[in-house]
Amino acid sequence: MSTTKTDDAAQHGLAEHSHGGPVVPQASRGERFRSYDVEAFEVPGGREEDWRFTPLKRLKGLHDGSATATGNLKIEVTGEATVETVGRDDARIGKGGVPADRVAAQAWSAFTEATVVTVPKETKLSGPVTVTIDGPGADQVAFGHLQIHAEQFAEAVVVIDYRGSGTIGDNVEFVVADGAQLRVVSIHDFADDATQVSSEHATLGRDSVFRHFAVTLGGDLVRVNTTVNYADKGGDAELLGIYFADAGQHLEHRMLVDHSVANCRSNVLYKGALQGDSAHSVWIGDVLIQAAAEGTDTYELNRNLVLTEGARADSVPNLEIETGEIEGAGHASATGRFDDEQLFYLQARGIPQDQARRLVVRGFFGELLQKINVPEVRERLEAEIEEELAVVGA
C-alpha cells in the first residue's frame, strides 16, 4: 500500500506551480507527505527539518534500511481488555494513521504480527490495562506494531511500559471512537544501550476524549513522534509529557496536532530536565488549525530546566492558523536554569542547598505527575526521578 503522492517534489514537501515553473516549499503541515512505502521516502541526511536535531549515526541503521530484524519484541498485556495477535492483512490495522517518515514506514513494512487491544463499546474498565513491551536484547533489532482501540462510549486507562535493551522501530495506533474516553500513560524506561524510534498515531471520533502522558527516562536515544487527527467534531486531546536526560542521552519528542474539523480542543504541556555533559533533549510541537477547523481551542507549552553545564535543550513550538474563526490558540516555550530566588528562599529557611535544589525539581515536575491517575505508576515515576537527581547530587 502507498499513497499516490510519491513523486520527488511531493516527497520533500514541495509543490509545482500550475504554469509548470519551479517547485516551492509548501507552507502547511497538513500537506506533509505520508506513505506506507519505505522507498517513497529518501534516506535522511540530517539537514531536513524533521531530522536536523537527531544524531543519525546513533539510529543504528533504522533510518537507512541497514537495520534488519534479528529479534522480536516481547509483549504482555494484563487487564480486562480484549487482546489479539493479528497479521498484517487485518482490516483494522492502519485506522490510526499513516507513516510520515522513513523509519515509521520501515517499521510498518517490517512487522510480521500486530497486537490489538480493544475496549468494547459502552464498557468502562474497572482498572488499568498494562502493556509491557520488552526490547529484543542487546545488539538485536526488532520492529513492532500496537493498536489500542476504544470503541464507542468506552472508557479505559492504558499503561504502555517500554523496557529492556536493543534497537526498536515501532508504530502505535490509538483509535478513539465516538464518545469514547482513552487515557494513556506511555513510559520509555529502557536500559542505557537502547535505541528507539516510535511513531504514535491517534485518531479521535466525534465527542471523544484522548489523554496521553509520555514519560521518557531511559535509553541511549529515544525519539517519539506523536500525531493527533480529528475525524469528527467535538474531539478533545491533551498531550502531557515528562523527560529527564542524563549525560550522553538524546531524548526527542515531536508532535503534530492537526485540527482539520470544527469545534475540537487540544492542550499540550511537556516539561523536561537535563543534567550531565552532552545531555540533549528536543521538543518540537506543531499545531495546525486548518481552514475548516472553526471553533478550535488549543494551547501548547514546553518548559525545560537545565541542571548542569554541558546539557542542551532544543524547543520549537509552531502554530499554524488558516482560519480566524477560533476560540483560542497560543504557544510558548521556556528553557532556563534554577531560579536563584527560589533557592535563596529555601536556603534562608535553613534548607541545605542540595535539598533545596531537589525540592525545586520536584515542584517543577509535580504539577504533571499529579495528573497520572494510576497511583502505582505515579509513585514509581516519582522514585525514578529521585534516582535521577541523585546521580549528580542535584
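A brief report on the enclosed structure follows. (Residues numbered from 1 in each chain as written. Predicted model: local features only at pLDDT ≥ 70, side-chain atom pairs only at ≥ 80, totals over all residues. Heavy atoms only, no water.)

1. Focus on the side chain of glutamine 147
Then step 1. Mapped onto the fold, glutamine 147 is located in strand β7 (residues 141-150).
Then step 2. Glutamine 147 gets classed as buried once you look at its relative accessible area, which sits at 1%.
Then step 3. At 2.9 Å, the side chain of glutamine 147 and the backbone oxygen of arginine 92 are in polar contact.
Then step 4. Excluding its chain neighbours within four sequence positions, the residues that come into contact with glutamine 147 are Arg92, Ile93, Gly94, Lys95, Thr115, Val116, Val117, Glu173 and Val175. (Helix = DSSP H or I, 4+ residues; strand = E, 2+ residues; numbered from the N terminus. Buried < 20%, exposed > 50% of the residue type's maximum accessible area, 1.4 Å probe, protein only. Polar contact = N/O pair within 3.5 Å; in protein donor to acceptor, adjacent residues only side chain to side chain. Contact = heavy atoms within 4.5 Å.)

2. Observations regarding the layout of surface pockets
Unfilled space is identified by rolling a water-sized probe across the atoms.
Then step 1. Looking at the second largest pocket, its volume works out to about 290 Å³.
Then step 2. Together, 16 residues line the second largest pocket, and Asn72, Leu73, Thr112, Glu113 and Phe143 are the ones closest to its centre.
Then step 3. At the level of secondary structure, the elements contributing two or more residues to the lining of the second largest pocket comprise β5 (113-119) and β7.
Then step 4. Per-element accounting of the lining of the second largest pocket gives the leading share, 4 residues, to β7.
Then step 5. Here the lining of the second largest pocket is built from residues that sort into 8 nonpolar, 7 polar and 1 charged. (1 Å grid on protein atoms, 1.4 Å probe; cavity = no way out; pocket = protein on both sides within 12 Å on 5 of 7 lines; lining within 4 Å. Points joined across faces, edges and corners; volume = space filled by probe spheres on them. Nonpolar A, V, L, I, M, F, W, Y, C, P; charged D, E, K, R; others polar.)

3. Let's talk about helix α4 (residues 353-369)
Then step 1. Across its 17 residues, α4 extends 24 Å between first and last C-alpha, which sits within 8% of the 24 Å expected from 1.5 Å per residue.
Then step 2. Those residues of α4 that fall on the buried side of the exposure criterion are Ala356, Arg357, Val360, Val361, Phe364, Phe365, Gly366, Leu368 and Leu369. (Expected span 1.5 Å × (residues − 1).)

4. Quick look at unusual backbone geometry
Residues apart from glycine generally show negative phi values, whereas peptide bonds are mostly found in trans.
Then step 1. Here the phi dihedral of aspartate 139 falls at roughly 65°; this positive angle occurs in a residue that is not glycine.
Then step 2. When you line up the elements, aspartate 139 lands in the loop between β6 (129-134) and β7.

5. Overview of the pattern of salt bridges
Then step 1. By the definition in use, this model includes 20 salt bridges.
Then step 2. The shortest N-O distance in the salt bridge between glutamate 252 and arginine 223 comes to 3.2 Å. Of this pair, glutamate 252 sits in strand β15 (residues 250-259) while arginine 223 sits in strand β13 (residues 221-230); the two residues are 29 residues apart in sequence, bridging distant segments of the chain.
Then step 3. Glutamate 252 gets classed as buried once you look at its relative accessible area, which sits at 0%.
Then step 4. The salt bridge involving arginine 362 is made with glutamate 386; its shortest N-O contact spans 2.5 Å. Within this pair, whereas arginine 362 is found in helix α4, its partner glutamate 386 is found in helix α5 (residues 375-391), the two being separated by 24 residues in sequence.
Then step 5. Classification of arginine 362 as partly exposed rests on a relative accessible area of 37%. (Salt bridge = Lys/Arg side-chain N within 4 Å of Asp/Glu carboxyl O.)

6. Here we look at the sheet that holds strand β17 (residues 280-289)
Then step 1. An order of β4-β5-β7-β9-β11-β13-β15-β17-β19 is seen for the 9 strands of this open sheet, with the pairing classed as mixed. A strand with exactly one partner marks an edge of an open sheet, and here the two such strands are β4 (82-87) and β19 (312-321). For this sheet, the mean inter-axis angle between neighbouring strands, taken without regard to orientation, is 10°.
Then step 2. One ladder, built from 10 bridges, connects β17 with β19; its direction is parallel. Along β19, the bridge assignment pairs histidine 280 with arginine 312.
Then step 3. Across the sheet, helix α2 (residues 102-110) lies against β7, β9 (167-176) and β11 (195-204), angled at about 85° from β9, the strand it touches most. (Pairing = 2+ DSSP bridges. Axes fitted to C-alpha atoms, helices over the stretch in contact; angles between N-to-C directions.)

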